[in-house]
Amino acid sequence: MSQYHIQSLEAYFKVYRESVNRPEEFWSGIAQDHFLWHKKWDRVLAWDFEKPEVRWFEGAKLNITENCIDRHLSTKADETAILFVPNDPNGEAEKISYRNLHERVCRFANVLKNHGIKKGDRVIIYLPMIPELAVSVLACARIGAIHSVVFAGFSATALSTRINDCDAKMVITSDGSYRGSKTIDLKGIVDQALDDCPAVQSVLVAQRIHSDIHMQEGRDHWLAPELAAASSSCEPEIMDAEDPLFILYTSGSTGKPKGMLHSTAGYMVYTAYTFKNCFQYEEGDIYWCTADIGWITGHSYIVYGPLANGATTLMYEGVPSHPDCSRFWQIVEEHKVNQFYTAPTAIRALAKESLDFVNKHDLSSLKVLGSVGEPINEEAWHWYNDHIGKKNTPIIDSWWQTETGGILISPIPYVTPTKPTFATLPMPGIQPALMDENGQEIHGNQVQGRLCIKYPWPSIARTIWGDHLRYKDTYFSAFAGKYFTGDGALRDETGYYRITGRVDDVIIVSGHNLGTAPIEDAINAHPQVAESAIVGYPHDIKGNALYGYVTLKSPVENQENLCREINQLISQQIGPIAKLDKIQITQGLPKTRSGKIMRRILRKIASNETDNLGDISTLLDPEVVKSIMDEALV
Ligand code: PRX
């Protein structure tokens, strides 16, 4: 019997029990009945969290784009696969049918081949939220090339670091992008990045804003004429289950971003299964996730998960505030959106605006509301529930990570009773554990600890590209035999989970994961800076904002200028998303005798919680704390 679609709480508990008691039977049952395989697997799962090594559906042969596109052609060729809504509020939405998507992906795949891209080659995609982004992702998967999408808000330095880290041969970009009323010169950023990337042989350029850009002879090629000349059929490359599908970079606690590598079959099965259940998607529904495809949310729940289910997935190019703060709700009304998935930072920003923006639109099509990316605070949850969901639309607070590939803890709408700020229960196959500081599992309810997962699930990232040791150190060394998420969580009296936030040096700002180390590296590159430490502090809209403490080699006259220069450096090295909201030039940083900066104290000062600083006796110079508190902010 298929357990693909869970429709009652009783069924959930039954399926969950089975998935834990007999994980291999459970996942092979799901995989067997709902996907297209050229050959079935010889073995469902091989794993060892000590090495660490995880392999799902070994021996199976498939192509993910056949599962996302071709197999729907006999039943829904003319139905909309991607509904593209442009930035321009007067622009027309474009319906891309499954037939048309198939043709576009095949043409694009042939263009890639014409440029010598083969199975296993890495291709960097640096595009705005336009159809070419989804199509290029799928075109890579069609021929077995490994895509690595870089969010088109990252700087030239961040882009070149990623291109070089995965040794990409090709970059796909556009002349520029629209962002609300502004345009961004993406090709200019790519040109700058490529000064440091000798291995890149070709750049494909989509035309979006029709700006006057530089095209380098022999390297840069306009996409449109090549697509027009390419054949509209392309046989899919038959992939092994564990062949790499994509690399997606995420911040870590050291300077270099981590290229999380996801493989093919397990990722497909898990994202498809969780999409169906977490959104209760029904034939004919219009589903909209507002994330950018440059993040994992977009990979799994704009592209692969929805398309594997034959869904209609809406892709929006713009921002929530253009031309005004009713844009999201106008799109929901116009396109009769049924499932809407967004981030708490967007909810908080829109909740600050007049309710007229919401109330002038008919939101009655909505059946499910989703939240992802950071803990959703109680106030935002209630605003979302009351004003968008009209108190009768379940909110799924879905917890997961770039590394997990898909949603791990989330209510199933109309199945799991929700509770504000709680991600509630694990998805089938997910075995969470809360750990104490001594590495012991904390059993029972009403407890709090560090969140680990005890058993592999199909879409866990397989490694960090080029650095397996770092993968092991980061995720599998803190707690022996378990995957450590880097998050803290509590389990309430009924077994519901609430994610309390990061317990490492990653800060989530407006839903973006930012490591403190890369930002500190950028600041320390300033010739006058001796040392710096970044912490997060609570912010009404962003969730967390960044506070930088900076010590100087010698005093400077104009501190304001210095702070501006520091933020410019951060923008150049990482991107504007990592700019500091507050900078304090300080005499010293609180350090332990072994020289480690005590960020806990800096966090408290930044958050104005100076009544209880905790134990500061282990500091080398406890006096420094008082001087930091006395100093004025710039
Ligand atoms: O701290 C958790 C937070 O976002 C982190 C993962 O970030 P990233 O890899 O960028 O992926 C974001 C989209 C999946 C997690 O370690 N996070 C994500 N969702 C939630 C969350 N924190 C609390 N509640 C959530 N629903």
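In this report, the structure presented in the accompanying data block is examined. (Residues numbered from 1 in each chain as written. Predicted model: local features only at pLDDT ≥ 70, side-chain atom pairs only at ≥ 80, totals over all residues. Heavy atoms only, no water.)

Observations regarding the site of the ligand
Among the 18 residues in the neighbourhood of the ligand, the closest are listed as Asp-397, Ser-398, Thr-402, Asp-487 and Arg-502. At 3.1 Å, a backbone N or O of Gly-373 approaches a nitrogen atom of the ligand. Within the contact set of the ligand, an oxygen atom lies 2.9 Å away from a side-chain nitrogen or oxygen of Gln-401. Within the complex, 95% of the 540 Å² of free accessible area of the ligand lies under protein. In the shell around the ligand, the residues fall into seven nonpolar, six polar and five charged. (Near = heavy atom within 4 Å. Polar contact = N/O pair within 3.5 Å; in protein donor to acceptor, adjacent residues only side chain to side chain. Areas by Shrake-Rupley, 256 points an atom, 1.4 Å probe, with all protein chains shown as cover. Nonpolar A, V, L, I, M, F, W, Y, C, P; charged D, E, K, R; others polar.)

A word on the sheet that holds strand β19 (residues 368–371)
To summarise the sheet geometry, strands pair through backbone hydrogen bonds and adopt either a parallel or an antiparallel arrangement. Taken in spatial order, the seven strands of this open sheet run β5-β4-β17-β16-β18-β19-β20, and their pairing is mixed. On the outer flanks of this sheet lie β5 (94–97) and β20 (395–397), each paired with one strand and no other. The average angle at which neighbouring strand axes cross in this sheet is 20°, direction not considered. Bridge analysis of strand β18 (residues 339–342) against β19 gives four bridges, and the strand direction is parallel. Bridge pairing links Gln-339 to Val-368 in β19. (Pairing = 2+ DSSP bridges. Helix = DSSP H or I, 4+ residues; strand = E, 2+ residues; numbered from the N terminus. Axes fitted to C-alpha atoms, helices over the stretch in contact; angles between N-to-C directions.)

Thoughts on the nonpolar core
Across soluble globular proteins, nonpolar side chains show a tendency to be buried alongside one another. Among the nonpolar cores identified, the biggest contains 124 residues, and Trp-37, Phe-57, Leu-101, Leu-112, Phe-279 and Tyr-304 are the most heavily contacted of them. Top contributing element to this core by residue count: helix α10 (residues 264–279), with ten residues. Leu-101 has contacts with Ile-69, Ala-81, Ile-82, Ile-96, Val-135, Leu-138 and Leu-307, leaving out every residue within four places of it along the chain. Judged by nonpolar contacts, the second largest core, of 48 residues, contains Ala-193, Leu-194, Tyr-249 and Leu-552. (Core = buried A, V, L, I, M, F, W, Y, C linked by side-chain atoms within 4.5 Å. Buried < 20%, exposed > 50% of the residue type's maximum accessible area, 1.4 Å probe, protein only. Contact = heavy atoms within 4.5 Å.)

Notes on the environment of Gly-144
Considering the arrangement of structural elements, one finds Gly-144 in the loop between α6 (131–143) and β7 (146–149). With relative accessibility at 3%, the residue Gly-144 sits in the buried group. Residues Gly-144 and Ser-231, 87 residues apart in the sequence, show an inter-C-alpha distance of 18 Å. Apart from residues no more than four positions distant in its own chain, Gly-144 is found in contact with Lys-119, Gly-120, Glu-237 and Met-239.

With respect to the pattern of salt bridges
All told, the structure shown has 36 salt bridges when counted by the stated rule. Two residues, Lys-61 and Asp-240, come together in a salt bridge whose shortest N-O distance is 2.5 Å. Note that Lys-61 is positioned in strand β3 (residues 61–62) and Asp-240 in strand β13 (residues 239–240), a separation of 179 residues in sequence. Take Lys-61: its relative accessible area is 29%, and that puts it in the partly exposed class. Of the charged contacts, one joins Asp-78 and Arg-99 as a salt bridge, the two residues approaching to 2.8 Å between their closest N and O atoms. Taken together, the positions of Asp-78 in the loop between α4 (73–76) and β4 (80–85) and Arg-99 in helix α5 (residues 98–114) put the pair 21 residues apart, joining distant regions of the chain. Overall, Asp-78 belongs to the exposed group, its relative accessible area being 60%. Residue Arg-99 is classed as partly exposed on the basis of its relative accessible area of 45%. (Salt bridge = Lys/Arg side-chain N within 4 Å of Asp/Glu carboxyl O.)

Examining the sheet that holds strand β25 (residues 483–491)
The five strands are arranged β22-β21-β23-β25-β26 in an open sheet whose pairing can be described as antiparallel. Where the open sheet ends on each side, the last strands, each with one partner, are β22 (441–442) and β26 (497–502). In terms of strand pairing, strand β21 (residues 432–435) meets strand β23 (residues 447–453) through four bridges, oriented antiparallel. Bridging across to β23, Met-435 finds its partner in Arg-450.

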